[in-house]
Amino acid sequence: MSLTPPRRYWLTGASSGIGAALAEEILKTGAHLAVSSRSTAPLKVLSQRYPGQVLVVAGDLTNSQTVREIGEQIAEQWGSLDTVILNAGTCEYVDAQQFDASIIEHVVRTNLLASAYCVEAALPLLRAGIAPHLVGVASSVTYLPLPRAEAYGASKAGLRYMFESLRIDLADEGIEVTVVSPGFVDTPLTAKNDFPMPLSWPVEKAARHIFAKLDNRPLEIAFPALFMAALWPLSKMPNSVKLAIGKRMVRSNPPIQDVP
Ligand SMILES: NC(=O)c1ccc[n+]([C@@H]2O[C@H](COP(=O)([O-])OP(=O)(O)OC[C@H]3O[C@@H](n4cnc5c(N)ncnc54)[C@H](OP(=O)(O)O)[C@@H]3O)[C@@H](O)[C@H]2O)c1
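This write-up is about the structure you can find in this document. Quick caveat: nothing in here was measured; it's all calculated off a predicted structure. As a convention, each chain's residues are numbered from 1 in the sequence order in which they are written. For a predicted model such as this one, the threshold for reporting local features is a pLDDT of at least 70, and the threshold for listing and counting side-chain atom pairs is 80 or more; totals across whole chains, interfaces and linings nevertheless cover every residue. Water and hydrogen atoms play no part in the side-chain values, which are based on all heavy atoms of the structure.

**As for the pattern of salt bridges**
Then, in step 1: When a carboxyl oxygen of Asp or Glu is within 4 Å of a side-chain nitrogen of Lys or Arg, the pair counts as a salt bridge. Counted according to the given criterion, the structure contains nine salt bridges.
Then, in step 2: Between Glu24 and Arg49 there is a salt bridge whose closest N-O contact spans 2.6 Å. A residue pair is termed long-range when its members are at least 10 positions apart, and Glu24 in helix H1 (residues 17-28) and Arg49 in helix H2 (residues 41-49) qualify at 25 residues.
Then, in step 3: In this structure, the salt-bridge partner of Glu173 is Arg127, at a minimum N-O distance of 2.5 Å. With Glu173 in the loop between helix H5 (150-170) and strand S6 (176-182) and Arg127 in helix H4 (residues 101-127), this pair connects stretches of sequence that are 46 residues apart. A run of DSSP states H or I qualifies as a helix once it reaches four residues; a run of E qualifies as a strand once it reaches two. Both are numbered from the N-terminal end.

Structure (structure tokens):
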């Protein structure tokens, strides 16, 4: 029998997609997992399937007070956290012809500000944890400016910078920081996409890959390798080349129908 206490995780966005699949990977190891999302039903199902392992801390993470209360709940129940995976996020596309700043506001609020609230709640708990690890799910979108991605790309670029900067500032405290940069993964979020998703991975494969890599505390987990092999050199090209690539990805407007 192992004398090591089970590792304690907090995972956001655990109700769906990558987060839901990652929750399974974590719980299969016998670890303890605090799970957040706005919808509570899938979180409750997890807690029934893994009795004694799951702490349901549901709520809207764009509300800073809600996140503070989630932090207090975890502190009361566990007193510390060993790994925090900030995965909750959303994506909305922008139509530059009718630029609507409220889309930027909503996406940045969900992907960046909510993550900042979670970092604030998580850090005191991580400081009390064992071999603490802070993980943020960004996106490969940050490698190349893409059409219609003004909101999503800005939010994920901000998230990446926040985590990479935190990595420096937390190093002396022994809190390690990993950024996850998925390519395309088949989830309810990407099911809405109306464009081809090259080299897209099934969600279980993505979750297995992320979880297996986390052990070694890499600075970044970027996948699929083939997608990254194509994207990485493009990200190093001059801005004029990036502009030309982006322009090729802009789809033409739907054909104007003849008026009878
Ligand atoms: N799928 C991809 O191809 C891909 C690629 C790159 C990066 N990513 C990133 O991976 C992460 C997971 O994406 P996914 O594809 O798995 O999407 P998903 O299936 O839509 O899952 C998103 C999760 O975030 C939660 N969430 C969203 N807004 C929230 C809020 N305000 N408060 C609390 N929870 C909230 C959702 O739960 P509720 O709706 O119940 O709140 C859900 O559990 C995101 O950060 C996404 O940007 C995905």
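There's more to say after this.
**Quick look at the site of the ligand**
Then, in step 1: Of all residues adjacent to the ligand, which total 30 residues, the nearest are Ser16, Arg38, Ser39, Tyr152 and Thr187.
Then, in step 2: Within 3.5 Å is the distance limit for a polar contact, defined as a pair of N or O atoms, with the added protein rule that one can donate a hydrogen and the other accept it, and that residues adjacent in sequence qualify only through two side-chain atoms. One of the backbone N or O atoms of Gly17 is found 3.4 Å from an oxygen atom in the ligand.
Then, in step 3: At 2.7 Å, a side-chain N or O of Arg38 approaches an oxygen atom of the ligand.
Then, in step 4: Here, Shrake-Rupley sampling with a 1.4 Å probe gives the accessible areas, and only protein chains in the shown set may cover a residue. The fraction of the free accessible surface of the ligand (880 Å²) that becomes covered by protein chains is 92%.
Then, in step 5: Counting only elements with at least two residues in the shell around the ligand, the list comes to H1 and H5.
Then, in step 6: Any residue that is not Ala, Val, Leu, Ile, Met, Phe, Trp, Tyr, Cys, Pro, Asp, Glu, Lys or Arg is counted as polar, Gly included; the first ten are nonpolar and the last four charged. Its residues assigned to classes, the shell around the ligand comprises 12 nonpolar, 15 polar and three charged. The criterion for a residue being near a molecule or strand is simple. One of its heavy atoms has to lie within 4 Å of it.

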